[in-house]
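Architecture and fold: a report
In case you want the letters, here they are:
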Amino acid sequence: MNGKLVSNAPVWHQDSSAVTVVMASAGYPGSYKKGVEITGLSQVQDSGLQVFHAGTALKEGGVVSSGGRVLTVTPGGTAEV
């Protein structure tokens, strides 16, 4: 996208739907721990789900939590739920 989000608007298909699940840190919206390792992301993406990062960071080659709302997960076109 090269910083040009406006030129990459989503395409909506008639008669389709989607759901997104927010993965939040334990304790959110109150106090929560940061720096918790997140594993299994490649397996989730291999299953046809899209993972969007919000409160994550890279640390020593791994993904860790850095905020309260950490990830959102949305089925892609091939996911079965």
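Our structure's up above, just so we're on the same page.
The sections below set out a description of the structure shown in this document. (Residues numbered from 1 in each chain as written. Predicted model: local features only at pLDDT ≥ 70, side-chain atom pairs only at ≥ 80, totals over all residues. Heavy atoms only, no water.)

What follows is about the sheet that holds strand 2 (residues 37-38). The strand order across the open sheet built from three strands is 2-5-4, with neighbouring strands paired in antiparallel fashion. Looking along the sheet, the strands with just one partner apiece sit at the ends: strand 2 and strand 4 (56-59). Where strand 2 meets strand 5 (residues 62-65), two bridges bridge the pair, whose relative direction is antiparallel. Bridging from a neighbouring strand, I38 pairs with V63 of strand 5. (Pairing = 2+ DSSP bridges. Helix = DSSP H or I, 4+ residues; strand = E, 2+ residues; numbered from the N terminus.)

What follows covers the side chain of S25. Its place among the elements puts S25 in the loop between strand 1 (21-24) and strand 2. At 2.9 Å, the side chain of S25 forms a polar contact with the backbone oxygen of G67. Leaving out residues up to four positions away in the same chain, S25 has contacts with Y32, K33, S65, G67, G68 and V70. (Polar contact = N/O pair within 3.5 Å; in protein donor to acceptor, adjacent residues only side chain to side chain. Contact = heavy atoms within 4.5 Å.)

Counting residues in each nonpolar core, the largest one holds seven residues, listed as I38, L41, V51, V63, V70, L71 and V73. With three residues, the top contributor of residues to this core is strand 6 (residues 69-75). Setting aside residues up to four positions removed in sequence, V51 forms contacts with L41, V44, Q45, L71, T72 and V73. (Core = buried A, V, L, I, M, F, W, Y, C linked by side-chain atoms within 4.5 Å. Buried < 20%, exposed > 50% of the residue type's maximum accessible area, 1.4 Å probe, protein only.)

A few words now on the pairing of strand 4. Pairing of strand 4 with strand 5, which is carried by four bridges, proceeds in the antiparallel orientation. Of the residues in strand 5, the one forming a bridge with A57 is V64. In sequence, strand 4 turns back onto strand 5 through a hairpin of two residues, with E60 there showing a positive phi of about 50°.

Let us look at the environment of Q50. As for its placement among the helices and strands, Q50 is situated in strand 3 (residues 49-53). The spatial distance from the C-alpha of Q50 to the C-alpha of T74 is 5.1 Å, given a sequence separation of 24 residues.

Bringing the sheet that holds strand 6 into the picture now. What the three strands build is an open sheet, ordered 1-6-3; its pairing is antiparallel. Only two strands of the sheet have a single neighbouring strand rather than two, namely strand 1 and strand 3. When strand polarity is set aside, the average angle formed by the axes of neighbouring strands in this sheet is 25°. Summarising the sheet, strand 3 and strand 6 pair through five bridges and their orientation is antiparallel. Residue V51 lies in a different strand from strand 6, and its bridge partner there is V73. (Axes fitted to C-alpha atoms, helices over the stretch in contact; angles between N-to-C directions.)

A few words now on the side chain of T74. Along the polypeptide, T74 turns up in strand 6. A polar contact is formed between the side chain of T74 and the side chain of T20, at a distance of 2.7 Å. Ignoring anything within four residues of it in the chain, the contact list for T74 reads A18, V19, T20, L49, Q50 and F52.

Everything listed is a geometric property; what it means functionally is a separate question.
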